[in-house]
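# Notes for the structure review
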Amino acid sequence: MKRSFRQFAALSILAVTACCAMGQDRDSTDAVKGGGDSGAAPAPVMTEMDTPEAAANGAPPYAVVKSATPIYSQLLYLGYPKGFTTASENTSPQRYIRESVPEGEGLAAWTQMITIGGVKDTASEATISPAGYAEHIAGGFRRACLNSFSQKKMSEGIANGYEQYVMVVSCGQSPATAGRTSESALVIVIKGERDYYTVQWAERSMPSAMPMPINMAKWVGRYQQLAPVRLCAKVAGEKEPYPSCLNPG
């Protein structure tokens, strides 16, 4: 079944927040009907480690908690800065999304948010590419803040065996907070074996009526804290903590 990018818009952090603020249900908006189990775990399996190299790239040094999360046909492996906690998790037959914010914050008011998502059975669509998917997410930001939008590509190509596109987008006056804050996000799009996956790290700060400069050194540091962001094959019968993914080789 052919699917349009409109059905993926909820994976944009800004789009998710904006749609829910308007009273729309994120699972029913442009939902795709499909069968089968989501394959998503109730919570990620995590192990702690440090990333002191991040400070050299403009980002604060965080203790990082590595996680492996089953999402549809594969496991998504990445790091979370220690102190982030799950604020919401939504699963449908076609779409998975989990949002995490710093402890003490919530969906109504947050300073940073890490969102992971998956869209089932879309990797075989010839009309969809990681770059095109990322550009659609950027388009949501652009339409929301025509006068204060900015965007920079970080990387594109094969990473850890899969096609990946990485960018940073920014909105100087976020409609999700009625213009009281800006919102910028690191966006990673990965084309898996059967599904598409996204990872976004967003932050809110002081608003700006003009496009905000994007500090790529800071966002590269954020990317390195999440890294390696990679996909693992599911191993039949394997249980938490998914050792084949947490400790490959």
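Everything below is about the structure printed above this text.
### Considering the overall build of the protein chain
- When its secondary structure is counted, the protein chain shows four helices and eleven strands.
- When each of the 249 residues of the protein chain is scored for burial, the buried share is 51%.
- A sequence separation of at least 24 residues applies to 63% of the contacts in the protein chain between residues at least 6 apart.
- With the model as given, the accessible surface of the protein chain reaches about 10,700 Å², and the carbon-plus-sulfur share is 54%.

### Section: unusual backbone geometry
- Residue alanine 227 is joined to proline 228 through a cis peptide bond whose omega torsion reads -5 degrees.
- Tracing the backbone through its elements, the reader meets proline 228 in the loop between helix H3 (216–226) and strand S11 (230–233).
- Geometrically, the link from glutamate 240 to proline 241 is a cis peptide bond, its omega value of 10 degrees lying close to zero.
- Relative to the helices and strands, proline 241 is located in the loop between S11 and helix H4 (243–246).
- In this model, asparagine 160 sits at a positive phi of 55 degrees, which is unusual for a non-glycine residue.
- Relative to the assigned elements, asparagine 160 resides in the loop between strand S7 (149–159) and strand S8 (162–171).
- Positive phi outside glycine occurs at alanine 178, with the angle close to 55 degrees.
- Here alanine 178 lies in the loop between S8 and strand S9 (182–191).

### Some points on the nonpolar core
- Membership of the largest hydrophobic core comes to 25 residues, with the highest contact counts inside it found for Leu186, Ile188 and Leu226.
- When residues of this core are traced back to their parent elements, those giving at least two are strand S3 (74–81), strand S6 (112–119), S8, S9, strand S10 (196–205) and H3.
- Residue contributions to this core peak at four residues, all from H3.
- When sequence neighbours within four positions are dropped, the list of residues in contact with isoleucine 188 reads Gln164, Tyr165, Val166, Tyr197, Thr198, Val199, Tyr223, Leu226 and Val229.
- In this structure, Trp110, Ala134, Cys145 and Tyr165 belong to the second largest nonpolar core, which totals 21 residues.

### Overview of the state of the cysteines
- In this structure the tally under the stated criterion is two disulfides.
- At a sulfur-sulfur separation of 2.4 Å, the disulfide partner of cysteine 145 is cysteine 171. Placement of the pair is cysteine 145 in the loop between helix H2 (130–144) and S7 and cysteine 171 in strand S8, with a sequence separation of 26 residues.
- For the protein chain, the disulfide bridges join cysteines in the arrangement 1-2, 3-4, where the cysteines are counted in sequence order.

### Looking at the pattern of salt bridges
- Inspection of every chain in the model, using the stated rule, returns eight salt bridges.
- The partner of glutamate 135 in a salt bridge is arginine 142, with the nearest N and O atoms 3.0 Å apart.
- A relative accessible area of 36% places glutamate 135 in the partly exposed class.
- Among the ionic pairs, glutamate 156 bridges to lysine 153, the shortest N-O distance being 2.8 Å.
- Each of Glu203, Lys218 and Arg222 takes part in one network of salt bridges that share partners.

### A look at the sheet that holds S7
- The seven strands lie next to each other as S4-S5-S6-S10-S9-S8-S7, forming an open sheet whose pairing is antiparallel. This sheet does not close on itself; its edge strands, each paired only once, are strand S4 (84–91) and S7. When the angles between neighbouring strand axes are averaged without regard to direction, this sheet yields 15 degrees.
- Alignment of S7 against S8, held across ten bridges, turns out to be antiparallel. The partner of glutamine 151 across the bridge, within S8, is valine 169.
- Running at roughly 10 degrees to S8, H2 makes contact with S6, S7, S8, S9 and S10 of the sheet.

### Thoughts on the environment of tyrosine 80
- Secondary-structure assignment places tyrosine 80 in strand S3.
- For tyrosine 80, a relative accessible area of 3% corresponds to the buried category.
- Sequence spacing of tyrosine 80 and alanine 63 is 17 residues, and the spatial spacing of their C-alpha atoms is 8.5 Å.

Scoring rules and cut-offs
Residues numbered from 1 in each chain as written. Predicted model: local features only at pLDDT ≥ 70, side-chain atom pairs only at ≥ 80, totals over all residues. Heavy atoms only, no water. Helix = DSSP H or I, 4+ residues; strand = E, 2+ residues; numbered from the N terminus. Buried < 20%, exposed > 50% of the residue type's maximum accessible area, 1.4 Å probe, protein only. Contact = heavy atoms within 4.5 Å. Areas by Shrake-Rupley, 256 points an atom, 1.4 Å probe, with all protein chains shown as cover. Core = buried A, V, L, I, M, F, W, Y, C linked by side-chain atoms within 4.5 Å. Disulfide = S-S within 2.5 Å. Salt bridge = Lys/Arg side-chain N within 4 Å of Asp/Glu carboxyl O. Pairing = 2+ DSSP bridges. Axes fitted to C-alpha atoms, helices over the stretch in contact; angles between N-to-C directions.

All we've got here are geometric facts, nothing functional implied.
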